[in-house]
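Structural overview
Given next are the chains, with one letter for each unit.
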Amino acid sequence: MSGCGTGGCGCSSTDNSAAATASTLSPTQAAAYEALAATMTDAPLQAAQAPEVDAVVAEVARVNGVALNAPHELLDEESLRQRACTELLRQAAQQAGLLPASDVPGVEGAISVQASNAIEQLLERELNIPDPSEEACRRYHEAHPAAHAQGERVQLRHVLFAVTPGVDVKQLRLRAEAMLIELRCADDGGAKFAEAAAQWSNCPSGQQGGDLGWLTRADCAPEFAREVFGSAEIGVLARLVHSRFGLHVVEVVARDPGQQPSFEEVRQAIALTLRQQAWVNALRQYLQLLAGAAVVEGVALDAADSPLVQ
């Protein structure tokens, strides 16, 4: 295992327990929200807002009149969307008779244990997900031969453009995209990449030309790992890699695919993956229907006014 060693750029082991305990939903729901967020590739990257509770009055977002934040509570768009989705589900559970009308949201987006349990019951009832067929599992296995590799490693270099409070995210993205094009066009044995990392990267690895060494999935933040593992790509990736820490220009120097298990060995894992994907898609559609029937103020949500085909 290598990496920059700080855990602050997505390229080394990170403890995700804090994010899990901060969720307003159960572990199952939180995992679904994480998967749902990972599919929102068109959502703009947001810089964290520095708290200025004494100087700034935030707009209060609401779902059917229920406030999602306090007047002096500044939230990024993703946090506000998650609170809105949670509130939509909480109110739907009340309308379904699974939660007393007396239940109210807590402070900072928290919900009661009773509300969390009621949401679980609601989703189990509303999201009918069939088990994937043998044919679907085999197709997935053929299309993703490295998805369940055991012992897979990649040797990486990266240039990190960190999203920090006050940064102009649009300008940061333009700079990162320009750097990506420049480094993909370079044909100098990697010298330009090392120079760019030393000059521009916000990761300590920049002092070593961006070199992260050999990494496994467990060494990386999940959203970073999803972009670099499970494929055969070598060289500077043709896309920016987004993580909770910012935008990465990533070069795959080498790959060790590890051992490829047989279909029979990973059949159950593939079925769980496909079922989770279907569950997330159904959740997204259900939330769109709830948003379409609600009065939503101060937060952007996808909405639909008719049932969607799952």
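Residues numbered from 1 in each chain as written. Predicted model: local features only at pLDDT ≥ 70, side-chain atom pairs only at ≥ 80, totals over all residues. Heavy atoms only, no water.

A few words now on the pairing of strand β3 (residues 153-162). Consecutive side chains of a regular strand alternate in pointing toward one face of the sheet and then the other. Of all 10 residues in β3, 8 are buried; the element is thus mostly enclosed. Sheet analysis places β3 next to strand β7 (residues 246-256), joined by 10 bridges and oriented antiparallel. When the bridges of β7 are listed, V159 appears paired with V249. With 4 bridges joining them, β3 and strand β4 (residues 211-215) adopt antiparallel strand pairing. Paired with R157 across the bridge in β4 is D211. (Buried < 20%, exposed > 50% of the residue type's maximum accessible area, 1.4 Å probe, protein only. Helix = DSSP H or I, 4+ residues; strand = E, 2+ residues; numbered from the N terminus. Pairing = 2+ DSSP bridges.)

Glancing now at unusual backbone geometry. Phi angles above zero are rare outside glycine, and N64 is one such case at about 50 degrees. The residue N64 is located in the loop between β1 (62-63) and β2 (66-67) in this model. On the basis of relative accessibility, which here comes to 37%, the residue N64 falls in the partly exposed class.

With that out of the way, let us pick up the packing of helix α4 (residues 113-126) against helix α9 (residues 263-292). Their axes nearest at 11 Å, the elements α4 and α9 cross at an angle of 105 degrees. Comparing the axis directions of α4 and α9 gives the class roughly perpendicular. The segment α4 lies against α9, with L122, L123 and E126 engaging W279, L283 and Y286. Among the residues forming the contact of α4 with α9, the class breakdown is 5 nonpolar, no polar and 1 charged. (Axes fitted to C-alpha atoms, helices over the stretch in contact; angles between N-to-C directions. Parallel < 35°, antiparallel > 145°, perpendicular 65-115°, else oblique. Contact = heavy atoms within 4.5 Å. Nonpolar A, V, L, I, M, F, W, Y, C, P; charged D, E, K, R; others polar.)

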